[in-house]
Amino acid sequence: MTAEYQVHGAVAVITLNNPPVNGLGLATRTAAVQGIQQALADAAVKAIVITGGGKAFSGGADIKEFNSPKALAEPSLHTLIATVENSTKPVVAAIHTVCMGGGLELALGCHYRVALPGAQIALPEVKLGLLPGAGGTQRLPRVLGLEMALNMIVSGTPVASEKLAGTALFDAVYEAGSDLLAQAIAFAENVADARPLPKVRERKVDYPNHEAFLQFSRNTVKAMAGPFPAPHECVETVAASVTRKFDDGLKFERERFLHLMQTTESKALRHAFFAERVASKVPDVPADTPVRSIKQAAVIGAGTMGGGIAMNFLNAGIPVVLLETRQEALDKGMATIRKNYDNTVKKGKLTAEKLEQRMALLTGTLAYADIGQADIVVEAVFEDMGVKETVFRQLDSVMKPGAILASNTSTLDLNRIASFTSRPQDVIGLHFFSPANVMKLLEIVRGAQTGKDVLATALALAKKLKKTGVVSGVCDGFIGNRMIEQYSRQAGFLLDEGALPEQVDQAIEKFGFAMGPFRMGDLAGNDIGWAIRKRRAIESPEITYSRSADLLCEMGRFGQKTGGGWYDYKPGDRKAYPNEQVNAMIVQHSADLGITRRQISDKEIVERLVYSMVNEAAHILEEGIALRASDIDMVYLTGYGFPLFRGGPMFYADTVGLANVLAAMAQYARGYQGSAWQPAPLLVKLAGEGKGFNS
Ligand code: NAI
């Protein structure tokens, strides 16, 4: 049953019933159309109420059917809305809690709309790169006016129903907590004999001087939409509600909707939407796996990461004990946390009262005895196995049974870390990204012995901390850093061959990355990579790198923190200014290698940076380090500034075509450092089958 039909006196009530948000899937649409037909056939019924069961009127399209033929099968949403609008008996929408997308479009097809306060009213299609395709762009302006409707459709932002009381959207907004259905039935009885039936399509959009307003909107959207076409199309379709007759406007809306459905940008947004949802699912960890309760946290190390990690718990209302080895380091860490919150208060994003509430949840200590009762402890000490060993042996001896022991290590072997304890089932990697209080990504590293309940708890915790949790197996660098290493290597080789940092950064930033590799290095500190390369030189001497980054560090240029790195920086200015000595060092290094520098195209730069990551990702997928290609995309979209409109590296490779990726790689394999281009077997296989990573 996906819509229930009941008769109350002379009023038929159709209750949408498709949890969790009464998505308008095929079965629900079919049942709703049947309900209307049944009501029309019953002479005793004089009016009809449509409402939603449970926690929504309707959230719109059923995401479970999004990419299936069911989404467009008859009765389509258009057909349902037309059936409602053409009903010869009045139809009243009784709206509560959530009324979004297709749900709002359905309500707009009803003759009357009544609501409770607090209902979220929105047409959020733009967030998936689309526009409301079932009359929303034509009907909403007819009830809310051009300006308000356009703002809602272009932004997709929900507005509370009580704020829209008094507009033609609602015929009544009742008191909070009152009986919506009883009032809707009474309303329906009242209007049972009213004729003609009011139809939104017959209203006019009155907006004197609409052309000036539309032009203003076009300019605003141009400045804000970035590479996405949907906001522009939203403006044009809403404009049609003023400039065209209703049916003509509806046709135009349909045409633009179908066009947007085919754009890569919308496909990328929809891919990311589903990728985020699926990332929290682990095949051998069922949804009903018990989770451990997290009421108290501890963080070891109050440095760059420890402080940010502590803030995540504080923001979620979870008390934190922060442990350091020295009072001075502890004081510094605590002061940094307060300073970060102070800045948020200054920006008006946090009240002074909330700041104090959060700080009150934080205590500092130098003694392990003070953290034993925590339900979870996250270690963020120096990236050194010896230091990690000391910490984990101590944690093993002081933490209460059942506590989760997490490490924030970015490169070290989690299984070894777990082996320092007598409870490897309780050990997990929680790899936060810097700044940890801001970045959405949380790589959840599953050790060989990590308990399923511990993994399920970490996934639930990610949600609580408002992070996107992505599960990774154990390997050097996990998903994200293992791939970025190939990208960094290529960036270095490009310098050896003829490019300068500025050209590389500009090319990849034009592609859409938030920041190119060299500006990024200057921000994060070039010494970090230097330390990793020194370790690798011992552990894996066969891996080659450009020496230019080492030479830069030897010049003492670690990045912004030392006043300069690949670039120079001016105080109070984040802009990167090319440095002549650095560029001369790069040119000299090419000469030392015997390389005649050549002009390198932006296309080559982008392909080498991106495809090198894609190839590594194919290994990661094949080895089972990542559960699915879309998880890799999530890592890059939420942790590495990969352009959202390109959908992540795997999605992007699919749009290019894996055979094309492979062909470009074969060409680079013939060039400088060509051995870096050994194609991953999975990539070869999928390309051969004409398949993509995500299909
Ligand atoms: P950091 O050097 O800023 O902070 C480390 C802190 O740990 C220092 O305050 C130090 O006093 C303290 N510490 C050292 N030994 C300790 C011990 N035995 N007990 C208690 N405290 C101790 O380092 P950062 O950058 O915060 O890195 C910490 C961990 O996070 C490392 O494993 C690193 O690989 C990882 N990580 C770092 C990221 C970054 O961008 N900085 C990103 C993701 C992970």
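Nothing here was measured: the structure is a model prediction, and the numbers come from that model. (Residues numbered from 1 in each chain as written. Predicted model: local features only at pLDDT ≥ 70, side-chain atom pairs only at ≥ 80, totals over all residues. Heavy atoms only, no water.)

**What about unusual backbone geometry?**
Cis rather than trans, the peptide bond between Pro19 and Pro20 has omega equal to 5°. Of note, Pro20 is situated in the loop between β2 (11–16) and α1 (26–41). Cis geometry marks the peptide bond from Arg195 to Pro196; its omega dihedral reads 0°. With a phi angle near 55°, Gln673 is a residue other than glycine that sits in the positive phi range. Structurally, Gln673 can be placed in the loop between α26 (658–669) and α27 (681–688). What makes Gln673 partly exposed here is its relative accessible area of 22%. (Helix = DSSP H or I, 4+ residues; strand = E, 2+ residues; numbered from the N terminus. Buried < 20%, exposed > 50% of the residue type's maximum accessible area, 1.4 Å probe, protein only.)

**Considerations on helix α14 (residues 385–398)**
In a regular helix each residue adds 1.5 Å, so 14 residues correspond to 20 Å; α14 covers 20 Å between its end C-alpha atoms and thus fits that length. Buried residues of α14: Met385, Lys388, Val391, Phe392, Leu395 and Asp396, and no others. All buried residues of α14 project into a common sector of 140° when viewed along the axis, lining one side. You can read the cap of α14 off the contacts: a side-chain oxygen lies 2.8 Å from the backbone nitrogen of Gly386, and it is on Asp384. (Expected span 1.5 Å × (residues − 1). Arc of directions from axis to C-beta. Polar contact = N/O pair within 3.5 Å; in protein donor to acceptor, adjacent residues only side chain to side chain.)

**Here we look at the pattern of salt bridges**
Applying the stated criterion to the full structure yields 41 salt bridges. Between Asp631 and Arg628 there is a salt bridge; the shortest N-O distance is 3.2 Å. Like Asp631, the residue Arg628 is buried in the burial classification. Linked by salt bridges that have partners in common, Asp476, Glu485, Arg535, Arg536 and Glu539 make up one network. (Salt bridge = Lys/Arg side-chain N within 4 Å of Asp/Glu carboxyl O.)

**Some thoughts on the environment of Ser178**
Relative to the helices and strands, Ser178 is located in the loop between β9 (172–173) and α6 (180–191). Along the sequence, Ser178 and Leu116 sit 62 residues apart, while their C-alpha atoms lie 7.8 Å from each other.

**What to know about the site of the ligand**
Within the structure, the ligand sits among 22 residues, and Met305, Glu324, Glu383, Lys388 and Ser410 are positioned closest to it. Taking Gly303, its main chain carries an N or O atom lying 3.5 Å from an oxygen atom of the ligand. A distance of 3.3 Å separates an oxygen atom of the ligand from a polar backbone atom of Val381. In isolation the ligand has 830 Å² of accessible area, and contact with the protein removes 81% of it. Contributing elements (two or more residues each) for the shell around the ligand: α11 (304–315), α14 and β15 (427–432). With three residues, α14 is the single largest residue contributor to the shell around the ligand. Tallied by class, the residues present in the shell around the ligand amount to 10 nonpolar, nine polar and three charged. (Near = heavy atom within 4 Å. Areas by Shrake-Rupley, 256 points an atom, 1.4 Å probe, with all protein chains shown as cover. Nonpolar A, V, L, I, M, F, W, Y, C, P; charged D, E, K, R; others polar.)

**Focus: the packing of aromatic side chains**
This model, assessed by the stated rule, comprises 15 aromatic pairs. Here the aromatic rings of Phe228 and Phe645 are separated by 6.3 Å at their centres, their planes lie at 85°, and the arrangement is edge-to-face. Pair noted here: Phe228 is in the loop between α7 (210–224) and α8 (230–243) and Phe645 is in the loop between α24 (629–639) and α25 (649–656), with a separation of 417 residues, a long-range link. Neither residue differs from the other here; Phe228 and Phe645 are each classed as buried. (Phe/Tyr/Trp six-rings, centres within 6.5 Å; stacked < 30°, edge-to-face > 60°.)

**Comments concerning the UniProt feature "domain: 3-hydroxyacyl-CoA dehydrogenase NAD binding" (unreviewed entry) in the chain**
Mapped onto this numbering, the UniProt entry gives "domain: 3-hydroxyacyl-CoA dehydrogenase NAD binding" (unreviewed entry) at residues 297–472. Strand forms 20% of residues 297–472 and helix 42%; the C-alpha atoms that close the span are 23 Å apart. (UniProt positions renumbered as here; feature names shortened; annotations may be inferred.)

**A short note on the side chain of Asn615**
Within the element layout of this structure, Asn615 appears in helix α23 (residues 602–622). The class for Asn615 is buried, based on a relative accessible area of 5%. Looking at Asn615, its side chain comes within polar contact range of the main-chain oxygen of Gln678, at 2.8 Å. If sequence neighbours within four positions are ignored, Asn615 has contacts with Met665, Gln678, Pro679, Ala680 and Leu683. (Contact = heavy atoms within 4.5 Å.)

**Description of the packing of α8 against helix α9 (residues 246–262)**
Where α8 contacts α9, the axes come no closer than 9 Å and their chain directions differ by 170°. Looking at the two axes, α8 sits roughly antiparallel to α9. Across from Ala230, Glu233, Glu236, Thr237 and Ala240 in α8, the residues of α9 making contact are Gly249, Phe252, Glu253, Arg256, His259 and Leu260. Its residues assigned to classes, the contact of α8 with α9 comprises four nonpolar, three polar and four charged. (Axes fitted to C-alpha atoms, helices over the stretch in contact; angles between N-to-C directions. Parallel < 35°, antiparallel > 145°, perpendicular 65-115°, else oblique.)

**Some thoughts on the state of the cysteines**
Applying the stated rule across the entire model yields zero disulfides. Its sulfur unpaired, Cys110 is 9.2 Å from the next cysteine sulfur, which belongs to Cys99. According to the relative accessible area criterion, Cys110 is buried, its value standing at 1%. (Disulfide = S-S within 2.5 Å.)

**Quick word on the UniProt feature "domain: 3-hydroxyacyl-CoA dehydrogenase C-terminal" (unreviewed entry) in the chain**
Under the UniProt annotation, the feature "domain: 3-hydroxyacyl-CoA dehydrogenase C-terminal" (unreviewed entry) is placed at residues 477–569 and 605–690. Within the segment residues 477–569, helix and strand shares are 65% and 3% respectively, and the terminal C-alpha atoms sit 30 Å apart. Helix makes up 66% of residues 605–690 and strand makes up 0%, while its end C-alpha atoms are separated by 26 Å.

**Comments concerning the pairing of strand β1 (residues 3–8)**
The pairing of β1 with β2 spans six bridges and is classified as antiparallel. Its bridge partner lying in β2, Val7 is registered against Ala12. (Pairing = 2+ DSSP bridges.)

**Focus: the nonpolar core**
Ile479, Trp566, Val610, Ile632, Phe642 and Phe693 are the most contacted members of the largest nonpolar core, which totals 68 residues. Broken down by element, this core gets its largest block of residues, 11 residues, from α23. The contact partners of Val610, leaving out residues within four places of it in the chain, are Ile508, Phe511, Phe642 and Tyr652. By size, the runner-up hydrophobic cluster in this structure holds 63 residues, among which are Leu16, Ile50, Ala119 and Val126. (Core = buried A, V, L, I, M, F, W, Y, C linked by side-chain atoms within 4.5 Å.)

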